[in-house]
Amino acid sequence: MKSKNVGITTPLGFQAAGIHCGIKKPGLLDLALCVSDVSGPIAGVFTKNRVAAAPVLLDRRHLRSHCGRAIIVNSGNANACTGEQGLVAAKTMATAVAQQLSIPVHQVFVGSTGVIGRVLQIDRITTSVPTLIARLSIAGGAQAARAILTTDLKPKTVTVQGRIGGRLVTIGGMAKGSGMIHPNMATMLAYLTTDAAITPAALQQALKSATNQSFNCITVDGDTSTNDTVLCLANGLAKNRLIERDAKSHRDFERLLTAAAQELALMICRDGEGVTKVVTIRVQGASTTAAAKRVADTIATSNLVKTALFGEDANWGRIIAAIGRSGVAIDPNKISVRFNDIVMVQRGVGTGLEAEHKIAQVFKRKEFTITVQLGQGQAHAHMWTTDLSYDYVRINASYRS
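This section reports on the structure supplied with the text. (Residues numbered from 1 in each chain as written. Predicted model: local features only at pLDDT ≥ 70, side-chain atom pairs only at ≥ 80, totals over all residues. Heavy atoms only, no water.)

### Things to note about the overall build of the protein chain
Reasoning step 1: When helices and strands are counted, the protein chain shows 12 helices and 15 strands.
Reasoning step 2: Relative to its length of 401 residues, the protein chain is compact, with a C-alpha radius of gyration of 22 Å against a globular reference of 21 Å.
Reasoning step 3: Overall, the C-alpha framework of the protein chain stretches about 70 × 50 × 40 Å when taken along its three principal axes.
Reasoning step 4: On the protein chain, roughly 16,600 Å² of surface is accessible, and the fraction owed to carbon and sulfur atoms is 50%.
Reasoning step 5: Between the centroid of the 44 positive side chains of the protein chain and the centroid of its 27 negative side chains there is a distance of 4 Å. (Helix = DSSP H or I, 4+ residues; strand = E, 2+ residues; numbered from the N terminus. Rg over C-alpha atoms; globule rule 2.2 N^0.38 Å. Areas by Shrake-Rupley, 256 points an atom, 1.4 Å probe, with all protein chains shown as cover. Lys, Arg positive; Asp, Glu negative; His and termini not counted. Charge placed at Lys NZ, Arg CZ, Asp CG, Glu CD.)

And the structure:
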């Protein structure tokens, strides 16, 4: 019986390992590998940053085959802004794994995370690949989750299960992310595996939808990176009836995948650099989903809102100000704002000191919800944001040292 705490190796037919190869300081895991027993469909979503790291460029090429078998990831060095030398290093990583496993190189996907602009010491990785493969196991999912971390305080793993067509389907995952977190995508790496039998097109569509409802809904500091990647590898070993696009089974699978992605996304927020609070921003009653998303994003990324969260200052005026500058056409007289279940603004006007005293107590909680009702339609959107603390500045002022 498989453990339910090993993330990417919980689905049938997956093994992983995490080791120290010499990129990070001695004793710190810095190289991870996940391998499926059989090849299968793979889907990917990548950073929209125009300065894309070498692993992202390589993975985009490999994704054209829609078939994957292994994912290798190093931490401690982003292999970004390293020119042709960086692309050669990423190819070398993939080739080293492909040769050891006797599989086509396009079935190997690569990830890197860490400091930008430093040449990757690829020899340390290639010489460690045989050891990495020798240590592959189901239990190795836990070590792999640790090996991909940078400034994270803890590993992030998830397992979600459900029945599709009468068969038990499992999704496992691991992620890293703590700073430079913002939509499209947050600065993060996330790797998901599943034993579902699914077509490449259905998997890609499900991953894109799940990402839009999870990793594209979190913000810590408004920055995104060069390496952001989400991959989902399937192998079909659950032996369910093949999931195809737009079928009921596809919708069921998408719900499972979204649940897994959202859990990982919230773990990233909770482990954000210097974070003491995680707040859900819900915008309802918008004229369009895009409008709702824009209002939610403006509130979630406002430094004045985020510092108020950290200072536990129930300054609801900052929420109203953010709504007003979002660029969305609104009627101030229709806006209401609720903190958990306490109405603070009704029809654009504050409800008084008693309510303000109550929301001051809400601000002391580690997690709570701010709900905005625009009164203009039926569309809605959500974001997860965090506070901005002294520790965030301290951590990022000395990141490279």
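Structure's up, so let's keep going.
### Regarding the packing of aromatic side chains
Reasoning step 1: All told, the structure shown has two aromatic pairs when counted by the stated rule.
Reasoning step 2: With a centroid separation of 5.6 Å and an interplanar angle of 45°, the aromatic rings of F339 and F363 are classed as tilted. Of this pair, F339 sits in strand β11 (residues 336-339) while F363 sits in the loop between α11 (353-362) and β14 (367-373); the two residues are 24 residues apart in sequence, bridging distant segments of the chain.
Reasoning step 3: Aromatic pair F363 and F368: ring centres 5.3 Å apart, planes at 35°, arrangement tilted.
Reasoning step 4: Since its relative accessible area comes to 2%, F363 is described here as buried.
Reasoning step 5: An aromatic cluster is present here, built from F339, F363 and F368 joined pairwise through their rings. (Phe/Tyr/Trp six-rings, centres within 6.5 Å; stacked < 30°, edge-to-face > 60°. Buried < 20%, exposed > 50% of the residue type's maximum accessible area, 1.4 Å probe, protein only.)

### Notes on the pattern of salt bridges
Oppositely charged side chains can form a pair if their charged atoms are brought close together.
Reasoning step 1: This structure, assessed with the given rule, holds eight salt bridges.
Reasoning step 2: The closest approach of N and O atoms between D252 and K248, which form a salt bridge, is 2.8 Å. Note that D252 and K248 are positioned in helix α7 (residues 248-270) at a spacing of four residues, about one turn of the helix.
Reasoning step 3: For D252, a relative accessible area of 16% gives the class buried. (Salt bridge = Lys/Arg side-chain N within 4 Å of Asp/Glu carboxyl O.)

### Quick look at the sheet that holds strand β13 (residues 349-350)
Reasoning step 1: Ordered by their spatial adjacency, seven strands build an open sheet running β8-β15-β10-β14-β11-β12-β13, and the pairing between neighbours is mixed. Two strands lie at the open edges of the sheet, namely β8 (218-219) and β13, each paired on one side alone.
Reasoning step 2: Pairing of β11 with strand β12 (residues 342-346) involves three bridges; the strand directions are antiparallel. If you follow R338 over to β12, its bridge partner there is V343.
Reasoning step 3: Sitting on the sheet, α7 touches β8, β10 (278-286), β14 and β15 (379-386), and the angle it makes with β15 is about 40°.
Reasoning step 4: Against the sheet, α11 touches β11, β12 and β14, its axis set at about 125° to β12. (Pairing = 2+ DSSP bridges. Contact = heavy atoms within 4.5 Å. Axes fitted to C-alpha atoms, helices over the stretch in contact; angles between N-to-C directions.)

### Looking at the pairing of strand β6 (residues 167-176)
Reasoning step 1: Of all the 10 residues making up β6, eight are buried; the element is thus mostly covered by neighbouring parts of the structure.
Reasoning step 2: Here strand β5 (residues 156-164) pairs with β6 via nine bridges, running antiparallel. The residue bridging T159 from the neighbouring strand is G172, located in β6.
Reasoning step 3: As consecutive antiparallel partners, β5 and β6 are separated by two residues, and within that stretch G165 has a phi angle of approximately 60°, a positive value.
Reasoning step 4: Note that β6 and strand β7 (residues 189-194) share six bridges and pair antiparallel. Directly across from I171, in β7, lies its bridge partner T194.

### Topic: unusual backbone geometry
Reasoning step 1: Notably, C81 is not glycine yet its phi reads approximately 60°, a positive angle.
Reasoning step 2: Structurally, C81 can be placed in the loop between β3 (67-77) and α2 (83-101).
Reasoning step 3: One non-glycine residue, N340, lies in positive phi territory at about 55°.
Reasoning step 4: Considering the arrangement of structural elements, one finds N340 in the loop between β11 and β12.

### Focus: the side chain of T199
Reasoning step 1: In this fold, T199 is placed in the loop between β7 and α6 (200-212).
Reasoning step 2: Accessibility expressed as a relative area gives 17% for T199, which makes it buried.
Reasoning step 3: Ignoring sequence-local partners within four residues, the contact set of T199 consists of P41, L242, I243, E244 and R245.

### Points about the packing of helix α8 (residues 289-301) against helix α10 (residues 317-324)
Reasoning step 1: At their nearest, the axes of α8 and α10 sit 8 Å apart, and the two run at 135° to each other. Between α8 and α10, the angle is such that the two are oblique. When the axes of α8 and α10 are compared, the crossing they make is right-handed. When α8 is examined against α10, the residues V295, T298 and I299 are found in contact with a partner set consisting of I319, A322 and I323.
Reasoning step 2: Within the contact of α8 with α10, the residues separate by chemical class into five nonpolar, one polar and no charged. (Parallel < 35°, antiparallel > 145°, perpendicular 65-115°, else oblique. Left-handed = near helix turned anticlockwise from the far one by under 90°. Nonpolar A, V, L, I, M, F, W, Y, C, P; charged D, E, K, R; others polar.)

### Focus on the side chain of T371
Reasoning step 1: In this structure, T371 sits in strand β14.
Reasoning step 2: Since its relative accessible area comes to 5%, T371 is described here as buried.
Reasoning step 3: Those residues in contact with T371 that sit more than four places away from it in its chain are R282, Q284, S336, V337 and R338.

Honestly, that's just the spatial picture; any functional story needs more than this.
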